[in-house]
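Geometric and topological summary
In case you want the letters, here they are:
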Amino acid sequence: MKVVSENRCFGGAQTVCAHRSDSCGTEMTFAIYLPPQAESARVPVLWYLSGLTCTHENAMTKGGFQAHAARHGVALVFPDTSPRGAGVADDQAYDLGQGAGFYVNATRDPWRANYQMYDYVLSELRGIVTDNFPVIDRHGITGHSMGGHGALTLALRNPELFDSVSAFAPIANPTRSDWGRKQLSEYLGDDESTWSCHDSSILLEEHGWKGDILIDQGADDQFFDLLRPEALAQVMARRRQSGLFRMQAGYDHSYYFVSTFAGEHVDWHATRLNKATSGPG
């Protein structure tokens, strides 16, 4: 692992690192923010998964999460959204290939050689972060759009690894949306029975979530029909799942929306991560 850049930020350090990934078979880049509290003690971690076309940099520079993380003493991790490089398969479309890994392990050529983003985020990068930075094994996860889909599916499938989960405008029902069916068929094949484990609405219906869930969705989101938030909201109501599903009037799909509610999401996770850290009583 090598340090690409490091900047002082709200009393802590915003660092960008690169490393050779065994999961993805190429060099991967990620960003990590360590709050000032990490200089004297280990801190919990909030993962932020980004959306289509993004890299590690978008949320790092536009999301406004660091000030809130510094208040609470929470580390932030911003992974990339896909493998990258000259030898990595790609597509001319913005919503497939590099920048559009969808947080799955691809099983079809030409994608499977590098597109193992589920394992990369869940196992490999998690291990790198916990082994090399002053963090404790308490993890929350959030994300936006494709990253909201990733955050929800990773948490719902691995509740033992995450203590809190939220999402901004997630792709909530990809097996029934053009933002999902295209990518899942390309990465996983035409057998739709293999898709359901990457659909948060289906996963929540079948398994529920051990705690509560926070979802923020812009009511004026230009991609509303592709996201299918109503599917997830209906499942939450049907299962009487503890949580908040908030429709935010006037907000679209941009980072203006994400940054507006970033503080509330960090507050949400910090409360649950600190509770998990302190233990019963």
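Residues numbered from 1 in each chain as written. Predicted model: local features only at pLDDT ≥ 70, side-chain atom pairs only at ≥ 80, totals over all residues. Heavy atoms only, no water.

Overview of the nonpolar core
Within the largest apolar cluster, 85 residues are counted, with the highest numbers of intra-cluster contacts made by Phe30, Phe65, Ile141 and Tyr187. Those residues within four positions of Ile141 in sequence are excluded, and the remaining contacts are Leu46, Trp47, Leu49, Ala151, Leu154, Ala155, Phe162, Ser164, Val165, Ser166 and His269. (Core = buried A, V, L, I, M, F, W, Y, C linked by side-chain atoms within 4.5 Å. Buried < 20%, exposed > 50% of the residue type's maximum accessible area, 1.4 Å probe, protein only. Contact = heavy atoms within 4.5 Å.)

Details of the state of the cysteines
Going through the model one piece at a time under the given rule, you end up with zero disulfides. Cys17 takes part in no disulfide bond, and the closest cysteine sulfur to it belongs to Cys9, at a distance of 15 Å. Just so you know, Cys54 is unpaired, no disulfide at all, and the nearest cysteine sulfur is the one on Cys24, 17 Å from it. (Disulfide = S-S within 2.5 Å.)

Examining the sheet that holds strand E8 (residues 213–218)
Taken in spatial order, the nine strands of this open sheet run E1-E2-E3-E5-E4-E6-E7-E8-E9, and their pairing is mixed. Every interior strand has two partners, whereas the edge strands, strand E1 (2–9) and strand E9 (243–248), have only one. Between one strand axis and the next, the sheet turns through 20° on average, direction left out of account. In this sheet, strand E5 (residues 75–79) lies alongside strand E3 (residues 26–34) in antiparallel orientation, the contact comprising four bridges. Bridge pairing in E5 places Ala31 opposite Phe78. Along the sheet face, helix H4 (residues 146–157) touches strand E4 (43–49), strand E6 (135–143), strand E7 (164–168) and E8 and points at about 130° away from the line of E6. (Pairing = 2+ DSSP bridges. Helix = DSSP H or I, 4+ residues; strand = E, 2+ residues; numbered from the N terminus. Axes fitted to C-alpha atoms, helices over the stretch in contact; angles between N-to-C directions.)

Comments concerning the packing of aromatic side chains
Under the criterion given, the structure shown has 13 aromatic pairs. A centroid spacing of 5.0 Å and a plane angle of 55° characterise the contact between Tyr48 and Phe65, whose relative ring orientation is tilted. Of this pair, Tyr48 sits in strand E4 while Phe65 sits in the loop between helix H1 (57–62) and helix H2 (66–72), placing them 17 residues apart in sequence. Considered together, Tyr48 and Phe65 belong to a single accessibility category, that of buried residues. Taken together, Tyr48, Phe65, Phe78, Phe168, Tyr251, Phe257 and Phe261 form an aromatic cluster joined through their ring pairs. (Phe/Tyr/Trp six-rings, centres within 6.5 Å; stacked < 30°, edge-to-face > 60°.)

Observations regarding the packing of H4 against helix H6 (residues 200–207)
Contact geometry of H4 with H6 gives a least axis separation of 9 Å together with a crossing angle of 25°. For the element pair H4 / H6, the angle class is roughly parallel. Crossing geometry of H4 relative to H6 is assigned as left-handed. Between H4, through Leu152, Thr153, Leu156 and Arg157, and H6, the contact on the second element is made entirely by Ser200, Leu203 and Leu204. For the contact of H4 with H6, a count of residues per class yields four nonpolar, two polar and one charged. (Parallel < 35°, antiparallel > 145°, perpendicular 65-115°, else oblique. Left-handed = near helix turned anticlockwise from the far one by under 90°. Nonpolar A, V, L, I, M, F, W, Y, C, P; charged D, E, K, R; others polar.)

Here we look at the environment of Ile171
Within the secondary structure layout, Ile171 lies in the loop between E7 and helix H5 (178–188). Separated by 56 residues in the primary sequence, Ile171 and Leu227 have C-alpha atoms spaced 4.3 Å apart. If sequence neighbours within four positions are ignored, Ile171 has contacts with Phe102, Ser145, Met146, His149, Trp179, Ser200, Leu226 and Leu227.

Some remarks on the pairing of E3
Most of E3 is tucked away: eight of the nine residues are buried. Strand direction decides the pairing type here: strand E2 (residues 12–21) and E3, joined by nine bridges, are antiparallel. Its bridge partner being in E3, Ala18 is matched across the sheet by Thr29. The turn joining E2 and E3, which pair antiparallel and follow one another in sequence, is formed by four residues; a positive phi near 65° is taken by Gly25.

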